[in-house]
Amino acid sequence: MRALLLALALVAATPALAQEPAVGRDGVNLTFTALGHRFVLPTPDWLTPTERLQPDILPLVESTTYADAAQAFVEFFPKGQSVKDWRTTYAARLTLNPGRSLDDYRRATMYGYSQICREDAIGFFNFGEETAEQFPALGMVCGAYKETGALKGLGEVMVAVFRKTDEGVAMVYQEWKGPAFDPSEPKTWPVDAEAFQARAKELQEVVRLEAVGG
């Protein structure tokens, strides 16, 4: 899925000078700065309350950052997991793409997930109504990936929020992966339904994106 999201991000991207991405703190929250933008993000929810308050959480998680002239991302995993073998991942992605709407970005994201999940096992839903003031978090349940490749026999649950500035569009998301499950039975999901809803609420309330200059 990461390669797919990376490809989607490159579509119609506007060239710019790449800058070194940086992770920092903003009170109890995290920041991610890259490409003249600054995210404010909640800390990873798998950390303990005490760990979430540490001045530097990077030693407590596995993480990777990337930036080029058009896109940047940061991705976090629990200790011992990685991009090749994860059960929980939490990430923020930014693409410099003036004029692209959040609805278009959401549709592209939904299409991307639909390509790797079985048609009879996938569903999307919004956490609340879309209004002029709020673009709701997107939920996705994929009870089973398509029966090909290394993901065979697995499924996932995802929540994403979308933000934009005049110059960029962004997606902040968390995924939980485990054995294939029944999408209609939350007790079989790879994440507790209440924890899933709580994380969606936290992302919706905390995530901010602002342009801060080069």
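For the structure itself, consult the block above.
Throughout what follows, the structure given in this document is the object of discussion.

Rules behind the numbers
Numbers given for residues are sequential positions, taken from 1 along each chain in its written order. Reporting in this predicted model follows two pLDDT cut-offs: at least 70 for local features of residues, and 80 or more for side-chain atom pairs to be given and counted; totals over whole chains, interfaces and linings ignore these cut-offs and use all residues. With hydrogens and water set aside, each side-chain value is computed from the structure's full complement of heavy atoms. Helix and strand definitions here come from DSSP, where helices need a minimum of 4 consecutive H or I residues and strands a minimum of 2 consecutive E residues; each element is numbered from the N-terminal end. A radius of gyration in this sense is built from C-alpha atoms; the matching globule rule multiplies 2.2 Å by the number of residues raised to 0.38. Three exposure classes are used, based on accessible area relative to the maximum for each residue type with a 1.4 Å probe and protein chains only: buried under 20%, partly exposed in between, and exposed over 50%. Contact definition: two residues touch when any of their heavy atoms are within 4.5 Å. Reported accessibility uses the Shrake-Rupley method at a 1.4 Å probe radius. Residues are deemed covered only where the shown protein chains occlude them. The definition of a polar contact used here is a pair of N or O atoms within 3.5 Å, where within protein one atom must be able to donate a hydrogen and the other to accept one, and adjacent residues in sequence count solely through side-chain atom pairs. Working definition: rings of Phe, Tyr and Trp (its six-membered ring) pair if their centres are within 6.5 Å, and the pair is stacked with planes under 30 degrees apart, edge-to-face with planes over 60 apart, and tilted otherwise. Take a side-chain nitrogen of Lys or Arg and a carboxyl oxygen of Asp or Glu: if they are within 4 Å of each other, that pair is a salt bridge.

Here we take up the overall build of the protein chain. Regarding its fold elements, the protein chain presents four helices and 11 strands. On C-alpha atoms alone, the protein chain measures out to a radius of gyration of 17 Å, which is about the 17 Å that the 2.2 N^0.38 rule sets for 214 residues. Once the C-alpha set of the protein chain is aligned to its principal axes, its extents read approximately 45 × 40 × 35 Å. Taken over 214 residues, the protein chain has a buried fraction of 46%. For the protein chain, long-range pairs separated by at least 24 residues make up 58% of all intrachain contacts whose partners lie at least 6 apart in sequence. Accessible surface, the protein chain: about 10,200 Å² in total, of which carbon and sulfur atoms supply 54%.

The subject of this paragraph is the environment of Glu-51. Position of Glu-51 relative to the elements: it lies in helix H2 (residues 49-52). Every residue in contact with Glu-51, bar those within four places of it in the chain, is listed here: Ile-57 and Leu-60. For Glu-51, the side chain forms a polar contact with the main-chain nitrogen of Thr-48, separated by 2.9 Å.

All right, on to the packing of aromatic side chains then. Under the defined criterion, the tally for this structure stands at 10 aromatic pairs. Residues Phe-127 and Phe-196 carry aromatic rings whose centres are separated by 5.7 Å and whose planes lie at 70° to one another, so their mutual orientation is edge-to-face. Of this pair, Phe-127 sits in strand S7 (residues 122-127) while Phe-196 sits in helix H4 (residues 193-206), and the two are 69 residues apart along the sequence. Classification of Phe-127 as partly exposed rests on a relative accessible area of 24%. Plain terms: the ring middles of Phe-135 and Phe-162 are 6.1 Å apart, the flat faces sit at 90° to each other, and that makes the pair edge-to-face.

If you walk through the whole model with that rule in mind, you get 13 salt bridges. Note that Arg-38 and Glu-210 form a salt bridge whose closest N and O atoms lie 3.0 Å from each other. On the criterion of sequence distance, the pair formed by Arg-38 in strand S3 (residues 37-41) and Glu-210 in strand S11 (residues 208-211) is long-range, its members being 172 residues apart. For Glu-210, a relative accessible area of 34% puts it in the partly exposed group. One salt-bridge network, held together by shared partners, links Asp-26, Arg-38, Arg-208 and Glu-210.

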